[in-house]
Amino acid sequence: MPAAAVNAVFVMDPLERLNLKKDSTLAIVSAAQRRGWTVHYALQRDLYFDRNRPCAQTRTLTLAPGFANEHRLPAPGEGWYSLGPSVAMPLGGADVIFMRKDPPFDMEYVYSTYLLERAEAEGALVVNRPGALRDCNEKFFATAFPQCGPPLIVTRRADLIRDFQKQHHNIVVKRLDGMGGESVFRVMDGDANFGVIIETVTRHGTEQAMAQKFIPEIVDGDKRILLVDGEPIPYALARVPQAGEARGNLAAGGKGEGRPLTARDRWIAEQVGPELKRRGLYFVGIDVIGDYLTEVNVTCPTCIRELDAQFSLDIGSTLLTAVEGALARR
């Protein structure tokens, strides 16, 4: 399919809320615009189902040339995008739909995947595949690769979490639906707050949570490795925690340092990549601390801009090449 013929819908967060310096979705939109794709912008609330068809109220999105082509941030008061008129668009008529809405992964997100699955049934390519977005919880999905991960337990029972801590002494406890380092707690022997931490992450025993053995190599960074169609980008962004902090997430104040993949990083990517490809997960960010896989991020992976800037990459374009290949095979 000629690049100019591609109609792409981006379901994303409101433009006014985006971080222009770091937002990965805008990096993908920029790459699409440079290829001559037509980009349609929609919010999650714009999706609907009517007359037995999945639809969306969309507007064409055009980034300012300096922002799209040179990644030049706009001056104060300078416009960086323009939008066309709002139109009702049958989603099955799109060539590709990018689901780039940030978590939380709540029931509204699940409902959106139902709508996108109907669009997929009508012939649209959805990146990432809606069924896989539902099935692959970003923390629990890592358990599909036990050879790659640290010792862990998933439970809502306080006694099992306490037993796990007694066995490993130094652990991390986190909610299964957390993001950006939210509700991640390190627990060591004798922690007087252990009880309230368990209550918080399990919501008083009503929800499953995860505990993992603490990985001391976190001081060297929590590495984000991006995979496109199952293949890793050759550099990782190590999110290095602030002093006195056990979380490397950029949202929690971590500093991003680009690094070449190690042999262990590549081995982990080789273990994970084929399953991602099988499930239609075209763009994924895996998190690796030391020698261990800790999370598999499928909803709205980030760190494109940081890696592009540090290593003169164009990861958005790499993703679009994979998408064009999938469209051609159809």
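Not measured: the values here are computed from a predicted model. (Residues numbered from 1 in each chain as written. Predicted model: local features only at pLDDT ≥ 70, side-chain atom pairs only at ≥ 80, totals over all residues. Heavy atoms only, no water.)

Draft legend 1. Quick peek at the layout of surface pockets. Roughly 260 Å³ of volume is contained in the second largest pocket. The wall of the second largest pocket is formed by 13 residues, among which K21, H71, R305, E306 and A309 lie closest to the centre. With five residues, helix 8 (residues 304-311) is the largest single contributor of residues to the lining of the second largest pocket. In terms of residue class, the lining of the second largest pocket is made up of six nonpolar, two polar and five charged. (1 Å grid on protein atoms, 1.4 Å probe; cavity = no way out; pocket = protein on both sides within 12 Å on 5 of 7 lines; lining within 4 Å. Points joined across faces, edges and corners; volume = space filled by probe spheres on them. Helix = DSSP H or I, 4+ residues; strand = E, 2+ residues; numbered from the N terminus. Nonpolar A, V, L, I, M, F, W, Y, C, P; charged D, E, K, R; others polar.)

Draft legend 2. Molecular detail of the environment of N193. Tracing the chain through its elements places N193 in the loop between strand 11 (184-187) and helix 6 (194-202). A C-alpha to C-alpha distance of 38 Å links N193 and K21, two positions 172 residues apart in sequence.

Draft legend 3. Structural detail: empty space enclosed by the protein. Using the criterion set out here, one finds two cavities of 30 Å³ or more in the structure. Computed from the structure, the largest cavity encloses a volume of approximately 50 Å³. Forming the boundary of the largest cavity are I28, F98, M99, R100, V127, N128, F283, V298, T299, P301 and L319. Partitioning the lining of the largest cavity into residue classes produces eight nonpolar, two polar and one charged. Roughly 30 Å³ of internal volume is contained in the second largest cavity. Around the second largest cavity, the lining residues are M12, D13, L18, D23, T25, R100 and D102. Here the residues of the lining of the second largest cavity are counted per class, giving two nonpolar, one polar and four charged.

Draft legend 4. Structural view of a nonpolar patch on the surface. The grouping of M107, Y111 and Y114 at the surface amounts to a nonpolar patch, some 320 Å² of accessible area in total. Mapped onto the elements of the fold, M107 is located in helix 3 (residues 107-121). A residue is classified by how much of its surface remains accessible, and M107, at 46% relative accessible area, is partly exposed. (Patch = residues over 30% accessible without salt bridge, like charges linked within 9 Å, V, L, I, M, F, W, Y side chains within 5 Å. Areas by Shrake-Rupley, 256 points an atom, 1.4 Å probe, with all protein chains shown as cover. Salt bridge = Lys/Arg side-chain N within 4 Å of Asp/Glu carboxyl O. Buried < 20%, exposed > 50% of the residue type's maximum accessible area, 1.4 Å probe, protein only.)

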